[in-house]
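Commentary on secondary and tertiary structure
Below are the chains, spelled out letter by letter.
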Protein chains: 2
Amino acid sequence: MIRQKATHVHWHHGNISRADRHRFLRQKGATLWFTGLSASGKSTIAVALEEALYERGKLSYRLDGDNIRLGINRNLGFSAEDRTENIRRIGEISKLFVDAGLLVLSSFISPYRADRDRVREQHRDAGFDFIEIHVDCSLETAEQRDPKGLYKKARAGQIKNFTGINAPYEEPESPEIHLHSDRMTLAEEVETIVNYMKDKGIIHID
Amino acid sequence: MIRQKATHVHWHHGNISRADRHRFLRQKGATLWFTGLSASGKSTIAVALEEALYERGKLSYRLDGDNIRLGINRNLGFSAEDRTENIRRIGEISKLFVDAGLLVLSSFISPYRADRDRVREQHRDAGFDFIEIHVDCSLETAEQRDPKGLYKKARAGQIKNFTGINAPYEEPESPEIHLHSDRMTLAEEVETIVNYMKDKGIIHID
């Protein structure tokens, strides 16, 4: 656990409540956390889901390993310690977006179970919905796809700490949603998630 | 400047554009950055502005020194180095919210001009509006108010690095909005900001 360094701080409560935001946006904020191997299809699904939600009048925002690493987490690398801090920060940013009323689509390899569970706890402690989505795809399939040639480079020893090759991936034990991206279509994957959100009252498709 | 540690990353473009978000929310995302001494009135103005915007059907979100420090920046203190990293991270978070289409009300002492200017540059480079609001109040007035008793503690040597007492505050040289909180009413302050946003086409009050 990270320690609380700053003292003399307390939480400000604004006049606009979470309930106000839900009414305003006609949705309940929530984090949808996509975890899986590189090239498993996380970002592809998140992009398609974002569009599907937009078409239904729902406001979402995508956080992505690539765009986050060019901004707030540009001072972090891929060591186990930096990966943990990377996920901790993303978890906190996700919470801010949920507090603002948005549907956050956080798409990160996030290979360590303990890191993901900490994000889940952070959400639970704040009373926020956290939906873990395992984008499950065999290493063989991911390595065949290899759209950026990263697996090839990792096999050649040019990338260290690459998940699945020379760094571990710890699968979720009981994710809210389990997608088998090597045998489902993109449309089926999006539909599965949208239906889950409807069932849980996170979105109400008018 | 902070160095880019992670390699093999690139920016993902989703199918939902910034223009789509503006149409959807009927507003242009922007960062309103409140800077000033402790007890100058930054958070009070931000809370009132948030409410005024909500009443006009505009979606904003407040980032605050206190609530950010209990979350993402809980591993930072008040040294000059930590203050710089604190502001850098908040600048990046603000950008994410602007990208999502929201009006971000970032309320932080942010005493160093260079730190604020860096956030301004980050926004400009991304094509985002950055509105610096100097909540100007004499040290005497702030110290008289002292709602949390912090000035008293700082004078007694119980708080180190307290802005205005034993740490510097560098005033903005040309802020977009300059509020004199020791001689303006809260309503006047909010109206000044709302009018600025209307003039700049950030919000269109229907």
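Residues numbered from 1 in each chain as written. Chains lettered and ligands numbered in written order. Predicted model: local features only at pLDDT ≥ 70, side-chain atom pairs only at ≥ 80, totals over all residues. Heavy atoms only, no water.

Within chain A one finds eight helices and five strands. For chain A, the spread of C-alpha atoms along the three principal axes comes to 55 × 45 × 30 Å. Expressed as a percentage of its 206 residues, the buried residues of chain A come to 54%. On chain A, the mean spot of the 31 positive side-chain charges and the mean spot of the 31 negative ones are 5 Å from each other. (Helix = DSSP H or I, 4+ residues; strand = E, 2+ residues; numbered from the N terminus. Buried < 20%, exposed > 50% of the residue type's maximum accessible area, 1.4 Å probe, protein only. Lys, Arg positive; Asp, Glu negative; His and termini not counted. Charge placed at Lys NZ, Arg CZ, Asp CG, Glu CD.)

As a further point, take the sheet that holds strand S5 (residues 177–180) of chain B. Residue and element names in this part refer to chain B. Reading across the sheet, the five strands line up as S2-S3-S1-S4-S5 and stay open at both edges, with parallel pairing between neighbours. For this open sheet the edge positions go to strand S2 (60–64) and S5, each flanked by a neighbour on one side alone. Strand-to-strand twist of the sheet, defined as the mean angle between neighbouring strand axes without regard to direction, takes the value 20°. With four bridges connecting them, strand S4 (residues 129–136) and S5 associate as parallel partners. Bridge pairing in S5 links Ile133 to Ile177. (Pairing = 2+ DSSP bridges. Axes fitted to C-alpha atoms, helices over the stretch in contact; angles between N-to-C directions.)

Here we come to the sheet that holds strand S1 (residues 30–35) of chain A. All names here are of chain A. With parallel pairing, the five strands of this open sheet are ordered in space as S2-S3-S1-S4-S5. At either margin of the open sheet sits one strand with a lone partner, and together these are strand S2 (60–64) and strand S5 (177–180). In this sheet, adjacent strand axes meet at a mean angle of 20° when their direction is disregarded. In this structure, S1 lies alongside strand S4 (residues 129–136), joined through six bridges in parallel fashion. Paired with Phe34 across the strands is Ile133, a residue of S4. The sheet contacts of helix H8 (residues 186–199) involve S1, strand S3 (103–107), S4 and S5, and relative to S5 the element is tilted by about 170°. (Contact = heavy atoms within 4.5 Å.)

In this structure, Leu63, Phe97 and Leu102 of chain A together with Leu63 and Phe97 of chain B are the most contacted members of the largest nonpolar core, which totals 40 residues. Among the secondary structure elements, those contributing two or more residues to this core are S2 and helix H4 (80–99) of chain A together with S2 and helix H4 (80–99) of chain B. Among all residues touching Leu63 of chain A, those that are not within four sequence positions of it are Ile68, Ile90, Ile93, Ser94, Phe97, Val104, Leu105, Ser106, Ser107 and Phe108 of chain A together with Leu96 of chain B. (Core = buried A, V, L, I, M, F, W, Y, C linked by side-chain atoms within 4.5 Å.)

This paragraph deals with the packing of aromatic side chains. In this structure the tally under the stated criterion is 11 aromatic pairs over all chains. Seen in terms of ring centroids, Tyr54 of chain A and Phe24 of chain B are 5.6 Å apart; in terms of plane orientation they differ by 40°. Their pairing is tilted. Here Phe24 of chain B lies in helix H1 (residues 18–25) and Tyr54 of chain A lies in helix H2 (residues 42–55), a pairing that spans two chains. Members of the aromatic cluster, connected to one another through ring pairs, are Tyr61 and Phe97 of chain A together with Tyr61 and Phe97 of chain B. Residue placement shows Arg69 of chain A over the ring face of Phe78 of chain A; its charged tip is 4.0 Å from the ring centre. (Phe/Tyr/Trp six-rings, centres within 6.5 Å; stacked < 30°, edge-to-face > 60°. Lys NZ or Arg CZ within 6 Å of the ring centre and 35° of its normal.)

The next thing to look at is the pattern of salt bridges. Residues and elements named next belong to chain B. In the structure shown here, the tally under the stated rule is 30 salt bridges over all chains. In this structure, Arg88 engages Glu85 in a salt bridge whose closest nitrogen and oxygen atoms are separated by 2.9 Å. On the criterion of helical spacing, the pair formed by Arg88 and Glu85 is a turn pair, its members being three residues apart in helix H4. Overall, the relative accessible area of 9% leaves Arg88 in the buried class. Two residues, Glu132 and Arg120, come together in a salt bridge whose shortest N-O distance is 2.9 Å. Residue Glu132 is found in strand S4, and its partner Arg120 is found in helix H5 (residues 113–126); the two are separated by 12 residues along the sequence. Classification of Glu132 by relative accessible area gives buried; the value is 4%. (Salt bridge = Lys/Arg side-chain N within 4 Å of Asp/Glu carboxyl O.)

A few words now on the side chain of Ser106 of chain A. All names here are of chain A. Within the fold, Ser106 resides in strand S3. A polar contact is formed between the side chain of Ser106 and the side chain of Ser94, at a distance of 3.0 Å. With residues near it in sequence (within four places) discarded, Ser106 still touches Thr31, Leu32, Trp33, Phe34, Leu63 and Ser94. (Polar contact = N/O pair within 3.5 Å; in protein donor to acceptor, adjacent residues only side chain to side chain.)

A few words now on the packing of helix H2 (residues 42–55) of chain B against helix H8 (residues 186–199) of chain B. Residues and elements named next belong to chain B. Orientation of H2 relative to H8, taken along the N-to-C sense of each, is 55°, at an axis distance of 10 Å. Relative to H8, H2 is oriented oblique. Pair H2 / H8 crosses with right-handed handedness. Each of Thr44, Ile45, Ala48, Leu49, Ala52 and Leu53 in H2 lies in contact with H8, whose residues at this interface are Leu186, Glu189, Val190, Ile193, Val194 and Met197. Tallied by class, residues from the contact of H2 with H8 come to 10 nonpolar, one polar and one charged. (Parallel < 35°, antiparallel > 145°, perpendicular 65-115°, else oblique. Left-handed = near helix turned anticlockwise from the far one by under 90°. Nonpolar A, V, L, I, M, F, W, Y, C, P; charged D, E, K, R; others polar.)

Let us look at unusual backbone geometry. Positive phi outside glycine occurs at Ala39 of chain A, with the angle close to 75°. Tracing the backbone through its elements, the reader meets Ala39 of chain A in the loop between S1 and H2.

All names here are of chain A. Tracing the backbone through its elements, the reader meets Gly29 in the loop between helix H1 (18–25) and S1. Classification of Gly29 as buried rests on a relative accessible area of 5%. Remark: the alpha-carbon pair of Gly29 and Leu96, spanning 67 residues in sequence, is separated by 9.9 Å.

Residue and element names in this part refer to chain A. Averaged over every residue, the pLDDT of chain A is 91; the share at 70 or more is 92%. Contacts from residues 7–13, a stretch scored under 50 in pLDDT, to residues over four places away or in other chains number 21 contacts. Across the whole predicted complex the pTM is 0.91, and at the interface the ipTM reaches 0.90. (pLDDT = per-residue confidence, 0-100.)

Residue and element names in this part refer to chain A. Under the 1.5 Å per step criterion, the end-to-end length of H4 is 29 Å for 20 residues, consistent within 8% with the ideal 28 Å. Buried residues dominate H4, accounting for 16 of its 20 residues. Count one or two residues on from H4 and you reach Gly101, which has phi positive near 100°. (Expected span 1.5 Å × (residues − 1).)

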